[in-house]
Amino acid sequence: MQARFRKEPGFLFLIFTIMNSEEPKKLRLAIQKSGRLNEDSIQLIKECGIHFNGRMDKLKSEAANFPIEILYLRDDDIPGYVSDGVADIGIVGDNVVEEKEKIVERIEYLGFAKCRLSIAVPKAMDSFQPADLNGYNIATSYPKITRRYLENNGIQANIHEISGSVEIAPSIGLAGAICDIVSSGSTLMTNGLKEVFTIYKSEAVLIGGEGLSNEKKLILQDLLFRIRAVNKAKNNKYIMLNAPNSKLDKICSILPGMKSPSILPLADSGWSSVHSVVQEDNFWAIIESLKEQGAQGILVLPIEKMIL
Ligand code: PRT
Ligand code: ZN
C-alpha cells in the first residue's frame, strides 16, 4: 500500500499504525477534520444510527454499534488517502475530487455543502462572455478544473494558482478574473466582484477506493442503505389532510405517495382523512393544488427515515 505522509507526528503515528495493523474488519471512513463539511458529515453518520464511545478524538474514532472507524483529515487529502487505501471511503466536496484527479469512485451524492465554481470579474465590467477571458490572468485554487474548462472552450488564458483569499486577486492587480467557490455570493460582492458564469457544480459526495474486501463491501452496503433512507426522508414530508369525499380522486392524483395515499373515513360523513408523502422539491405547488381542490386541516410532518 502506498501512502503519502503528512508532517504532524500524531498523524504519522496513526498512518503507521494503520499500515502495520492486520487488515481490520471495520470500514474506514475519512471525513473532514474541521471546516464546512465536518458538522454535516458527523450529523449524517449519527442520523444513520451510528454512535461513538466517549469523545471523538482529533485523529480517529470508532463506532460503538457499527463496524466503522472514522479518520479526521484535511479535505484536500481525502481523495488521495481513499485512493491509496489508507481509508476505504470518504466524504468530501465533489470539487476536490474533480481537482485532485485521484482514482476513486463517486458512490453517492449527499446533498449538503452545495456550491459552485464560478468565474468572477470586477463588478464594473459590462456583460462578460467566456470568450472575453482570452488573454486574461485568472487566479484560482482549482487550476486543473479551470484549465480543463478553458481547453474545452478553446480559451487562451493564464492561470495563477493561489491557495487562499482568491477573491482579493483582482484588487491587488494579480489577476483580471478569478475562478472560485461561490455559495451565497456575498464574498464576491464584498470584494467588488460579480459572478459571470459557473464552470462546475458541487456538493458533498461519498467516495470509495478500489479493492475492498467482501466483508467491507457488505458493511458499505449496510451504510449506504442507511444513508439513502436518511436522505430520502429529508427530501420528503409526511402530509395529512381532510378532504370532501367528492374530491378524493382529484386529491389522490395530486398525492401519489409511496404507493398510493391512505384514506380513512372521518366521523363527519362525506369527509375523509388522507395521508401521504410529498417531495420537498415541489412541496408548495402541491399544497396550493390541494387547497384548490378543497383540502382542509393540512398537517405536514418531517420523516425520520424512509425505506422503500
Ligand atoms: O481545512 P481544510 O483543507 O479541510 O478545509 P478548506 O478550508 O479547504 O475547505 P472548507 O471547509 O472551506 O470547504 C470544504 C468544502 O465545502 C469545499 O471544498 C466545498 O466543496 C464546500 N463548500 C460549500 C465551500 C463553500 N460552500 C464556500 N462557500 N467551500 C468554500 N466556500 C468559500 C469560498 O472559497 C469563498 O471564499 O466561501 C466563500 C464563498 O462563500 P459565499 O457564501 O460568500 O459565496
Ligand atoms: Zn482544503
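Residues numbered from 1 in each chain as written. Chains lettered and ligands numbered in written order. Predicted model: local features only at pLDDT ≥ 70, side-chain atom pairs only at ≥ 80, totals over all residues. Heavy atoms only, no water.

K.L.:
Which parts of the structure should I look at to understand the coordination of the zinc ion (ligand 2)?
P.N.:
Tetrahedral coordination by four donors puts the ideal angle at the metal at 109.5 degrees, and octahedral coordination by six puts it at 90 or 180 degrees. With distances of 2.0 to 2.1 Å, the protein atoms coordinating the zinc ion (ligand 2) are Asp75 (OD) and Asp76 (OD). Around the zinc ion (ligand 2), the 4 donor atoms are arranged such that angles at the metal cover 76 to 171°; this shape is classified as irregular. By relative accessible area, which is 28% here, Asp76 ends up partly exposed. (Donors = N, O, S within 2.8 Å, 3.2 Å for Na, K, Ca; no water. Tetrahedral: all angles 85-135°; square planar, octahedral: opposite > 155°, others 65-115°. Buried < 20%, exposed > 50% of the residue type's maximum accessible area, 1.4 Å probe, protein only.)

K.L.:
Honestly, unusual backbone geometry in this entry has me stumped. Any pointers?
P.N.:
Residues apart from glycine generally show negative phi values, whereas peptide bonds are mostly found in trans. Of note in this structure, Ala113 is not a glycine but carries a positive phi near 55°. Looking at the element boundaries, Ala113 is found in the loop between β5 (105-109) and β6 (115-122). Its relative accessible area of 29% is what places Ala113 among the partly exposed residues. (Helix = DSSP H or I, 4+ residues; strand = E, 2+ residues; numbered from the N terminus.)

K.L.:
What's the story with the sheet that holds strand β15 (residues 296-302) in this structure? I'm lost.
P.N.:
Pairing between the strands of a sheet is mediated by backbone hydrogen bonds and can be parallel or antiparallel. If you walk across this open sheet you meet the 4 strands as β13-β14-β12-β15, and the pairing is antiparallel. Each having just a single partner strand, β13 (262-265) and β15 make up the two edges of the open sheet. Adjacent strand axes in the sheet meet at a mean angle of 20° when their direction is disregarded. As judged from the 9 bridges shared by strand β12 (residues 236-244) and strand β14 (residues 271-279), these two strands associate in the antiparallel manner. Bridge assignment links Tyr238 to a residue of β14, and that residue is Val277. Here helix α9 (residues 283-292) sits on the sheet in contact with β12, β14 and β15, set at roughly 160° to β15. (Pairing = 2+ DSSP bridges. Axes fitted to C-alpha atoms, helices over the stretch in contact; angles between N-to-C directions. Contact = heavy atoms within 4.5 Å.)

K.L.:
Explain the site of ligand 1 here, please?
P.N.:
Of all residues adjacent to ligand 1, which total 22 residues, the nearest are Arg74, Asn95, Ser184, Gly185 and Thr187. Contacts to ligand 1 include Gly185, whose backbone N or O atom sits 2.7 Å from an oxygen atom. At 2.6 Å, a side-chain N or O of Thr187 approaches an oxygen atom of ligand 1. Calculation on ligand 1 without its partners gives an accessible area of 840 Å², and the protein chains cover 78% of this total. Among the secondary structure elements, those contributing two or more residues to the shell around ligand 1 are α4 (94-100), β9 (177-182) and α6 (186-190). Taken together, the residues of the shell around ligand 1 sort by class into 7 nonpolar, 10 polar and 5 charged. (Near = heavy atom within 4 Å. Polar contact = N/O pair within 3.5 Å; in protein donor to acceptor, adjacent residues only side chain to side chain. Areas by Shrake-Rupley, 256 points an atom, 1.4 Å probe, with all protein chains shown as cover. Nonpolar A, V, L, I, M, F, W, Y, C, P; charged D, E, K, R; others polar.)

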